[in-house]
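Single-letter residue listing:
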Amino acid sequence: MEEKNRTMIEEGRRVLERLQSRQHEAYFVGGFVRDFVLERPVKDVDIATSAKPEEVMEAFSKTVPTGLQHGTVTVLTGAYSFEVTTFRKETEYEGFRRPAEVEYITDLEEDLKRRDFTMNAMAMDVEGNLIDPFGGRSDMDRGVLRCVGEAAERFGEDALRMLRCIRFAAEYGLDIEEATWQALLRQAYLLRHIAMERVRAELQRMVGGADPARAAGLLLASGLWQHAKTPLALPYAAWGHPHAQAVIAHLSSIPAEEDRWAVLLLLIGSQQLEAVRAELRALTFPGEDIARLTRILAVHAHLQDGDAEDAALRPRPEAQVSAEECAAARFKLAVLAHGKEAVRGWLRAAGLLRTAWRQQPGAGAASPAGTGRPGQCGTLPGNSAQSGLAMTQGESDCREASRAGAERPEQDAPPSANPAQPSQAVSRLASGRYEASGGLSTDEEMHTSADKACLEELFRFMTEEANVYLENGEPWIHVMPVYGVKDLAVGGSDLMAQSGQKAGPWIGETLNRLLERVALGQLENTLEILMTEAFRPTEMRDE
């Protein structure tokens, strides 16, 4: 056990002893006991007690009344804080989320009965003895996740528990007990009562957790994603397609949660940048996270956009440029447009996609595609046929189909009580263990979603055209002389002093033109050369 955990637990024991010295019962409860039993690192320590909130505050010199309406006081001791909650039972719930009122009680077992899953309904006394009235330890030993009491009641009290059910099953490698799973399917529609920020927090924990692949499979099999309070429009069912499965299976090999999100979003939104941005807003992602993730997808769009190469050819339109020169120019322009970090984020995500798809059976069956335009660029080694730089008619049709399928009416009725079997792909992701919601019952929906997500086009690009970027991208970034206008040897004040003109849009336009040419190695980054180029007549700039 880490030293930090050991000292935190010792501090927690002192809290228990202090309450007991005042003739109150006190126990460790909840996630701390679960993780302690499993010998996993503990993040915080929760305590339940027979003492009322005012009695807890009297017992300690430093407290914060963090949740008095629910009987919770935060006790501060040294470097740690402990949430201490009075034994309680909850009468009715409001909005399928929170208890309308709580009643303080003196019975620990009655307090544990209100909790969600048996693994979270255990307690431990100051001496380390386990109190487990609902068989949580046995369930964990058997690898089973089970609700306390009737699953339908637990999910009806707090619909967020359905997402927590999927998260816990994935994080701890548990099978969801059949009655619990069936109750989840029947009540999936209740998720519409849960605030989107709560949904987002659970999804983030799933994606950042120990087994995001299993979480994705269970999420698809449950159909929960179809019942969000703000309807979600991206084609999530495409995650069940074999191409997507091959990637998601390796998702846990990526350390950073943000990179995992980038991969998942590329799989279903590689050509739907605005739809992805709107979806992340609907899920209440922080603005900075939205900006970082959408910049990564914008890099992908940039690298697929053949128009970007025109800038590289402007200074010498009559010249024949190799395919690799075109690719290098496009890549460097992406760095200028979206930043080094976004491009590196794309390289990490694209690297996983390519690696996973190269290992996939039949990976060589993708339709061939080259990287050059007739009359302008050659063909990269290993590629053939028509250029993939410009948007093809197929890509255009793909994007139109995505826009047409973006809207989905909200469903008001609960799913069928006798849900159909999941598609084979989703079944594999969910470990073949569970029946799926009636909202996701056929392979047809999965393939339709994959079409909307342009998954085949993404597969082709990543297994063919992206190779040149993945193999050369980091060296290209390293040798770039500039990454932004701040790196130029000339600034706006220099331009105004030379021209005698006032500030205006012309300054930004001029600096960006110079930046592009310096980044592509067409101009040296010196004040003299840049000032000369800045005021060179338009008709002479390419000479």
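The shown structure was predicted, so the numbers you read here are calculated from the model rather than taken from an experiment.

K.L.:
Explain the packing of aromatic side chains to me, please; I cannot follow it from the model alone.
P.N.:
Both the distance between ring centres and the angle between the ring planes are used here to describe each pair of aromatic rings. Inspection of the entire model under this criterion finds 12 aromatic pairs. Ring geometry for Phe 32 versus Phe 36: centroids 5.7 Å apart, planes at 35°, classification tilted. Placement of both Phe 32 and Phe 36 in helix H2 (residues 31-37) is noted, with a separation of 4 residues, approximately one turn of the helix. Residue Phe 32 is classed as buried on the basis of its relative accessible area of 2%. Judged by relative accessible area, Phe 36 falls into the partly exposed class, the value being 27%. Here the aromatic rings of Trp 225 and Tyr 236 are separated by 5.6 Å at their centres, their planes lie at 55°, and the arrangement is tilted.

K.L.:
Please clarify how the sheet that holds strand E5 (residues 80-86) should be interpreted in this entry.
P.N.:
Across a sheet, paired strands are connected by hydrogen bonds in the backbone, their directions being either parallel or antiparallel. As summarised here, the arrangement of the 7 strands in space is E3-E4-E5-E2-E1-E10-E11, forming an open sheet in which the pairing is mixed. Two strands close off the open sheet at either side, each with one partner strand: strand E3 (63-67) and strand E11 (130-131). Examined bridge by bridge, E3 and strand E4 (residues 72-77) share 3 bridges and lie antiparallel to one another. The residue bridging Val 64 from the neighbouring strand is Thr 74, located in E4.

K.L.:
Explanation requested: the confidence of the model for the protein chain in the structure shown.
P.N.:
Low-confidence regions, as indicated by low pLDDT, have predicted coordinates that should not be scrutinised in detail. This prediction gives the protein chain a mean pLDDT of 84; 79% of its residues lie at or above 70. A low-confidence stretch, residues 364-397 stays under pLDDT 50, and its non-local contacts, those more than four residues away or across chains, total 76 contacts. A low-confidence stretch, residues 399-432 (pLDDT under 50), is modelled with 76 contacts involving residues beyond four sequence positions or located in other chains.

K.L.:
Would you mind going over the nonpolar core with me for this structure?
P.N.:
Soluble globular proteins tend to pack their nonpolar side chains together in the buried interior. Ranked by size, the top nonpolar core spans 141 residues in total, and within it Leu 267, Trp 346 and Trp 357 carry the most contacts. For this core, the element with the highest residue contribution is helix H17 (residues 340-359), accounting for 10 residues. Every residue in contact with Leu 267, bar those within four places of it in the chain, is listed here: Trp 239, Ala 244, Val 247, Ile 248, Leu 353, Trp 357, Ala 453, Leu 455 and Leu 458. One finds Phe 87, Ile 105, Leu 112 and Ala 123 within the second-largest nonpolar core, a separate group that totals 11 residues.

K.L.:
Any chance you could explain empty space enclosed by the protein here in plain terms?
P.N.:
If a probe as big as a water molecule is rolled over the atoms, it shows which places are left empty. This model, assessed by the stated rule, comprises 3 cavities of 30 Å³ or more. Lining the largest cavity are 25 residues, with Leu 203, Leu 219, Tyr 236, Trp 239 and Trp 261 positioned closest to its centre. For the lining of the largest cavity, the secondary-structure elements that each account for two or more residues are helix H9 (196-207), helix H10 (212-222), helix H12 (257-269) and helix H13 (273-282). The residue inventory of the lining of the largest cavity, partitioned by class, reads 24 nonpolar, no polar and 1 charged.

K.L.:
Just to check I follow, could you spell out the layout of surface pockets for this structure?
P.N.:
In this model, the largest pocket occupies a volume close to 1800 Å³. Around the largest pocket, the lining comprises 48 residues; the ones closest to its centre are Gly 31, Asp 46, Glu 83, Arg 164 and Arg 167. No other element matches helix H7 (residues 160-172), which puts 7 residues into the lining of the largest pocket.

K.L.:
Please clarify how unusual backbone geometry should be interpreted in this entry.
P.N.:
Excluding glycine, most residues fall at negative phi; most peptide bonds, likewise, are trans. Even without being a glycine, Gln 23 presents a positive backbone phi close to 70°. Mapped onto the elements, Gln 23 comes out in the loop between helix H1 (3-21) and strand E1 (26-29). With a relative accessible area of 70%, Gln 23 lands in the exposed category.

K.L.:
Is there a simple way to explain H12 in this structure?
P.N.:
Two residues of an α-helix separated by three or four positions point the same way, owing to the 3.6 residues in each turn. In this model, H12 (13 residues) spans 18 Å end to end at C-alpha, consistent with the 18 Å of a helix rising 1.5 Å per residue. Summarising burial for H12: 11 of the 13 residues are buried, a large majority. Those residues of H12 that sit buried are Asp 259, Arg 260, Trp 261, Ala 262, Val 263, Leu 264, Leu 265, Leu 266, Leu 267, Ile 268 and Gly 269.

K.L.:
Would you take a moment to explain the packing of H12 against helix H14 (residues 287-304) for this structure?
P.N.:
Two quantities define a packed helix pair, namely the angle between the axes and the distance from one axis to the other. H14 packs onto H12 with a crossing angle of 50° between their chain directions and a minimal axis gap of 10 Å. Comparing their axes, H14 and H12 come out oblique. H14 is crossed by H12, and the crossing has right-handed handedness. For the pair formed by H12 and H14, the contact residues are Glu 258, Trp 261, Ala 262, Leu 265, Leu 266 and Gly 269 on the first element and Arg 292, Leu 293, Ile 296, Leu 297 and His 300 on the second. Along the lines of polarity and charge, the residues of the contact of H12 with H14 split into 7 nonpolar, 2 polar and 2 charged.

K.L.:
Can you help me understand the environment of Ala 519 in this one?
P.N.:
With respect to the element layout, Ala 519 can be found in helix H24 (residues 505-519). In the structure, Ala 519 is positioned 39 residues away from Met 480 in sequence and 5.7 Å away in space, judged by C-alpha atoms.

K.L.:
I would appreciate a short explanation of the side chain of Glu 157 in the present structure.
P.N.:
In this structure, Glu 157 sits in helix H6 (residues 151-157). The class for Glu 157 is buried, based on a relative accessible area of 16%. A polar side-chain atom of Glu 157 sits 2.8 Å from a polar atom in the side chain of Arg 154. At 2.8 Å, the side chain of Glu 157 forms a polar contact with the side chain of Arg 161.

K.L.:
How should I be thinking about the packing of H14 against helix H21 (residues 455-465) in this particular structure?
P.N.:
Here H14 crosses H21 at 75°, and the two axes come no closer than 12 Å. With respect to H21, the element H14 is oriented roughly perpendicular. Contacts from His 300, Leu 303 and Gln 304 in H14 reach Glu 457, Leu 458, Phe 461 and Met 462 in H21. Tallied by class, the residues present in the contact of H14 with H21 amount to 4 nonpolar, 2 polar and 1 charged.

K.L.:
Help me understand the pattern of salt bridges in this model?
P.N.:
Any two side chains of opposite charge can pair, so long as their charged atoms come close to each other. Inspection of the entire model under this criterion finds 29 salt bridges. Notably, a salt bridge pairs Asp 111 with Arg 114, separated by 3.3 Å at the nearest N-O pair. When sorted by exposure, Asp 111 lands in the same class as Arg 114, which is buried. A salt bridge links Asp 175 to Arg 214, with the shortest nitrogen-to-oxygen separation between them at 3.3 Å. Here Arg 214 lies in helix H10 and Asp 175 lies in strand E13 (residues 175-176), a separation of 39 residues in the sequence. Asp 175 sits in the partly exposed class, given a relative accessible area of 32%. Among the ionic contacts, a cluster of salt bridges with common partners joins Arg 34, Asp 35, Arg 40 and Glu 171.

K.L.:
Sorry, what's going on with the pairing of E4 here?
P.N.:
Side-chain positions along a regular strand alternate between the two faces of the sheet. Of all 6 residues making up E4, 5 are buried, and the element is well covered by its neighbours. Of the pairings in the sheet, the one linking E4 to E5 comprises 6 bridges and is antiparallel in character. Looking at E5, one finds that Val 73 is bridged to Val 84. In textbook terms, the turn of a hairpin is the stretch between consecutive antiparallel strands, and for E4 and E5 this stretch comprises 2 residues, one of which, Gly 78, has a positive phi near 60°.

Definitions and cut-offs
- Residues numbered from 1 in each chain as written.
- Predicted model: local features only at pLDDT ≥ 70, side-chain atom pairs only at ≥ 80, totals over all residues.
- Heavy atoms only, no water.
- Phe/Tyr/Trp six-rings, centres within 6.5 Å; stacked < 30°, edge-to-face > 60°.
- Helix = DSSP H or I, 4+ residues; strand = E, 2+ residues; numbered from the N terminus.
- Buried < 20%, exposed > 50% of the residue type's maximum accessible area, 1.4 Å probe, protein only.
- Pairing = 2+ DSSP bridges.
- pLDDT = per-residue confidence, 0-100.
- Contact = heavy atoms within 4.5 Å.
- Core = buried A, V, L, I, M, F, W, Y, C linked by side-chain atoms within 4.5 Å.
- 1 Å grid on protein atoms, 1.4 Å probe; cavity = no way out; pocket = protein on both sides within 12 Å on 5 of 7 lines; lining within 4 Å.
- Points joined across faces, edges and corners; volume = space filled by probe spheres on them.
- Nonpolar A, V, L, I, M, F, W, Y, C, P; charged D, E, K, R; others polar.
- Expected span 1.5 Å × (residues − 1).
- Axes fitted to C-alpha atoms, helices over the stretch in contact; angles between N-to-C directions.
- Parallel < 35°, antiparallel > 145°, perpendicular 65-115°, else oblique.
- Left-handed = near helix turned anticlockwise from the far one by under 90°.
- Polar contact = N/O pair within 3.5 Å; in protein donor to acceptor, adjacent residues only side chain to side chain.
- Salt bridge = Lys/Arg side-chain N within 4 Å of Asp/Glu carboxyl O.

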